[in-house]
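Inside the fold
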Amino acid sequence: MTIGFIGLGNMGLPMAQNLLRSGHTLKVFDLSSSAVSTAEQDGAIVMSSAAEAVEGSAIVITMLPGDQQVLDLYLAKHGLLSHGNGSTLFVDCSTVAATTSQTIAVQADAMGTSMIDAPVSGGTVGAAAATLTFMVGGPDAAFQRVQPVLKNMGANVFHAGAKVGDGQLAKACNNMLLAALMIGTSEALQLGADNGLDIAKLTEIMRQSSGDNWVLNKYHPWPGEMPAAPASHDYEPGFMVKLMTKDLGLAMQTALASGTPTPLGAMARSIYAQHGRDGWDEKDFSSVLTRFSDNK
Ligand code: NAD
């Protein structure tokens, strides 16, 4: 299949590489020349604009930082939607507000094309290993159409709901929990270390106990504890603090709209916002551990 792919960052590039490995023809675009040249070496066709990546593509995937970039790219006068047609399916895998996805889908419909949301979980390791979890929001027919393509990049493809934006709602819930898990795991590890416990041993004890969680198993925040984790590479992302702060903002917007109390989510948003202001925005979100240690 010919697929357009726009946004070749920490997540988009390995996702695109997996589509290439699966035998698809990829028309790619990113503002970063180093990202596109890596994709080109792997066999992608580099386009000179995002709009060009739409022409002749049955499915167009976008993987951009946040709401502003997604809205600008889709809705601009000569934006993505204006280059789609009745057989184009736009699939936004970025994490944005559910309302952003819905706004674009309504506009797509009015312009005779279609758009659904399919945000992901699993991080850069999952993107590279094609083990991401996709959360798709949109009508069943569109889900059925995109599912085989997403399976080339992920281990789990969920149909979160029939409304565009339902994938984003599931993603907001997940990342709010992830932030709380990362902060909680970090402070527990630091508490152990400050009281003389060995981190490897404490990790193993918690993994076999009721504190076991994804952070301990897949994304350990303690430097040197897990060789592939960003913590062992000077907290190079990975998943940047500024993106986690954005996601927590989305969760808070959602909570406000539904009147849901989310005290830990609110605290996590403040902790990450402060962490970013202290100079960590471009580092991995597991660097929040340094807020509890004395080696900042
Ligand atoms: P990133 O900043 O590394 O990549 C974004 C890419 O989009 C960059 O290469 C940038 O040049 C490109 N871009 C921005 N504006 C563009 C435009 N107008 N046209 C073309 N390209 C443009 O971000 P990322 O970590 O890859 O994350 C992408 C999305 O996935 C975000 O919404 C993030 O919240 C979400 N996400 C990230 C992770 C993670 O672990 N990094 C995990 C799950 C979800």
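Owing to the predicted nature of the structure, the values given are computational and were not obtained by experimental measurement.

Some details on the side chain of His 275
- Mapped onto the elements, His 275 comes out in helix 12 (residues 263-280).
- Those residues in contact with His 275 that lie beyond four places of it in its chain are Val 241, Trp 280, Ser 287, Val 288, Thr 290 and Arg 291.

Regarding the domain arrangement of the protein
- Splitting the protein by domain gives domain 1 (2-162) and domain 2 (169-294).
- Domain 1 and domain 2 are separated by 27 Å when their C-alpha centres are compared.
- With 15 residues of domain 1 at the interface, the matching set in domain 2 holds 13 residues.
- Roughly 1,000 Å² is buried in total at the junction of domain 1 and domain 2, and carbon and sulfur atoms are behind 64% of that figure.
- Sorting the residues of domain 1 by area buried against domain 2 places Asn 10, Thr 95 and Met 135 first, and these three jointly supply 37% of that buried surface.
- Counting across the domain 1 and domain 2 interface gives 0 salt bridges.
- Seen at the junction of domain 1 and domain 2, the total is 3 residue pairs in polar contact (both at pLDDT 80 or more).
- Residues of the side of domain 1 that touches domain 2, tallied by class, amount to 8 nonpolar, 6 polar and 1 charged.

A look at the site of the ligand
- Around the ligand, a shell composed of 26 residues is seen, among which Asn 10, Met 11, Asp 30, Pro 65 and Lys 246 lie nearest.
- Asn 10 is positioned such that a nitrogen or oxygen atom in its backbone is 2.9 Å from an oxygen atom of the ligand.
- Here Pro 65 contributes a backbone N or O atom positioned 2.8 Å from an oxygen atom of the ligand.
- Bound to the protein, the ligand loses 88% of the 830 Å² it would expose on its own.
- According to the grid-proximity analysis, the pocket containing the ligand is the largest pocket.
- Of all the secondary-structure elements, those providing two or more residues to the shell around the ligand are helix 4 (67-75), helix 6 (123-129) and helix 11 (241-258).
- It is helix 11 that provides the largest number of residues to the shell around the ligand, a total of 3 residues.
- Taken together, the residues that form the shell around the ligand break down as 13 nonpolar, 9 polar and 4 charged.
- In this structure, the shell around the ligand is formed jointly by two domains, domain 1 (2-162) and domain 2 (169-294), each of which donates at least three residues.

A look at the UniProt feature "domain: 3-hydroxyisobutyrate dehydrogenase-like NAD-binding" (unreviewed entry) in the protein
- The positions UniProt marks with the feature "domain: 3-hydroxyisobutyrate dehydrogenase-like NAD-binding" (unreviewed entry) are residues 165-289.
- Split by type, residues 165-289 is 63% helix and 0% strand. Its first and last C-alpha atoms lie 32 Å apart.

Things to note about the side chain of Asp 92
- Within the secondary structure layout, Asp 92 lies in strand 5 (residues 89-92).
- We note that Asp 92 is buried and unpaired, the nearest opposite charge coming from Lys 246 at a distance of 8.9 Å.
- Residues in contact with Asp 92, not counting those within four places in the same chain, are Thr 62, Val 70, Tyr 74, Met 115, Ile 116, Asp 117, Ala 118, Pro 119 and Gln 168.

So, how was this worked out
Just so you know, the residues in each chain are numbered from 1, in the order the chain's sequence is written. Residues qualify for local features only when their pLDDT is at least 70, as the model is predicted, and side-chain atom pairs are given and counted only at 80 or more; totals for whole chains, interfaces and linings, by contrast, use all residues. Hydrogen atoms and water are omitted, and side-chain values are computed over all heavy atoms in the structure. Think of it this way: any DSSP run of H or I at least four residues long counts as a helix, any run of E at least two long counts as a strand, and we number them from the N terminus. Whether two residues touch is decided by their heavy atoms; if any such pair falls within 4.5 Å, the residues are in contact. Just so you know, the domain bounds were taken from an automatic or database domain assignment. Buried area, as used here, totals the accessible surface that two parts lose on assembly, with accessibility defined by a 1.4 Å probe and the loss added over both. The rule for a salt bridge is simple: a side-chain nitrogen of Lys or Arg has to be within 4 Å of a carboxyl oxygen of Asp or Glu. What qualifies as a polar contact is a pair of N or O atoms within 3.5 Å, subject to a donor-acceptor requirement within protein and to the restriction that residues adjacent in sequence count only when both atoms come from side chains. Side-chain classes follow a simple rule in which Ala, Val, Leu, Ile, Met, Phe, Trp, Tyr, Cys and Pro form the nonpolar group, Asp, Glu, Lys and Arg form the charged group, and the remainder, Gly included, forms the polar group. By convention in these notes, a residue is near a molecule or strand provided one of its non-hydrogen atoms lies within 4 Å of it. Residue exposure ignores everything except the shown protein chains as possible cover, and the areas themselves are Shrake-Rupley values with a 1.4 Å probe. A cavity here means a set of 1 Å grid points, computed over protein atoms only, where a 1.4 Å probe fits but cannot escape. A pocket is an open set with protein on both sides within 12 Å along at least 5 of 7 lines, and lining residues have an atom within 4 Å of a point. Pocket or cavity membership: a molecule qualifies when more than half of its atoms sit within 2 Å of the grid points of that site. UniProt positions are given in the numbering used here, feature names are shortened, and annotations may be inferred rather than shown by experiment. Here's how the labels work: a residue is buried when its accessible area is under 20% of the maximum for its type, exposed when over 50%, partly exposed in between, all with a 1.4 Å probe on protein chains only. In this charge count, Lys and Arg are treated as positive and Asp and Glu as negative; neither His nor the chain ends contribute.

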